[in-house]
Amino acid sequence: MNVCLRLKLIPIYALTFLMESVSWLFRFLIPLHLVQLGASPLAVGTVMGGYAITQAISALMFGYLSDRVGRGPLIILGLSLITVSSFSIPSMTSIIDLFPLYTLMALGLGSMGPSLDASVADNVKSSRIGSAFGMQTTSIHMGTSLGPAVGGFVAAWIGLVGSMYFAAFFSL
């Protein structure tokens, strides 16, 4: 991949990495927070499963919409939803209040994921798409690795709620 192309894709890779880091930090912390709120294992599983199915289904819808309205608006929508939910979730004191906000975060990720991936494809020649998506996948997996690791460290340092605000800061 040439240098100009790499430089063009760096913001996409960086945004993907941050998005995955924040989302996986929350995926690590939410079950612990739910248990602190008195949630049963069934409730924790329902919240986490609801998040995953919301993200999966919304990715289909937003991927289709990304082809119609463009990548940028859906990336901005996703960032907005993630930011609002990230700053709201830590203050929730009941499962009933937390669940819709966590679902909102899943919608944000469902909006951003396909648009970021499509942005990679939009910016490379077909002969370089494998290496470009290799970097995109690396950005995803680095975020999924770093998020929970940082979450555990920060939670031990400043507690669960503080660590969620810490993660929310990176959604800005």
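Since this is a predicted model, take the numbers as computed values, not measurements.

A.B. asks: Outline the overall build of the chain, listing residues and values.
C.D. replies: Scanning the chain from terminus to terminus reveals five helices and zero strands. Seen in sequence order, the chain has helices and strands lined up from the N terminus as α-α-α-α-α. Here the C-alpha coordinates of the chain stretch approximately 55 × 35 × 25 Å along the principal axes. Per-residue burial over the chain gives 44% buried out of 172 residues. When contacts within the chain are restricted to residue pairs at least 6 apart in sequence, long-range pairs at least 24 apart make up 80% of them. Here the chain carries 7 positive and 5 negative side-chain charges, and the mean point of each set is 15 Å from the other.

A.B. asks: Before we move on, could you go through the pattern of salt bridges and cite the residues and values that matter?
C.D. replies: Two side chains with opposite charge may pair up if their charged atoms get near one another. Evaluated as defined, the whole model comprises two salt bridges. Counted as one network, the salt bridges with shared partners bring together D67, R71 and D122.

A.B. asks: Give me the lowdown on the packing of aromatic side chains, citing residues and values where you can.
C.D. replies: This structure, assessed with the given rule, holds three aromatic pairs. Relative to F170, the ring of F166 has its centre 5.1 Å away and its plane inclined at 65°; by these criteria the two rings are edge-to-face. You can call F166 partly exposed: its relative accessible area is 28%. Using a relative accessible area of 36% as the deciding quantity, one classes F170 as partly exposed.

A.B. asks: Please give an account of the confidence of the model for the chain that cites residues and values.
C.D. replies: Per-chain confidence: the chain averages 91 in pLDDT, with 97% of residues scoring 70 or above. Looking at the elements of the chain, mean pLDDT is at its lowest for helix α1 (residues 3-36), recorded as 87, and at its highest for helix α2 (residues 41-69), recorded as 95.

A.B. asks: Which residues make up helix α3 (residues 71-88), and what values do they have?
C.D. replies: The terminal C-alpha atoms of α3 lie 26 Å apart, and with 18 residues this matches the ideal 26 Å at 1.5 Å per residue to within 8%. Of the residues making up α3, those classed as buried are R71, L74, I75, G78, L81, I82, T83, S85 and S86.

Reading the values: rules and limits
- Residues numbered from 1 in each chain as written.
- Predicted model: local features only at pLDDT ≥ 70, side-chain atom pairs only at ≥ 80, totals over all residues.
- Heavy atoms only, no water.
- Helix = DSSP H or I, 4+ residues; strand = E, 2+ residues; numbered from the N terminus.
- Buried < 20%, exposed > 50% of the residue type's maximum accessible area, 1.4 Å probe, protein only.
- Contact = heavy atoms within 4.5 Å.
- Lys, Arg positive; Asp, Glu negative; His and termini not counted.
- Charge placed at Lys NZ, Arg CZ, Asp CG, Glu CD.
- Salt bridge = Lys/Arg side-chain N within 4 Å of Asp/Glu carboxyl O.
- Phe/Tyr/Trp six-rings, centres within 6.5 Å; stacked < 30°, edge-to-face > 60°.
- pLDDT = per-residue confidence, 0-100.
- Expected span 1.5 Å × (residues − 1).

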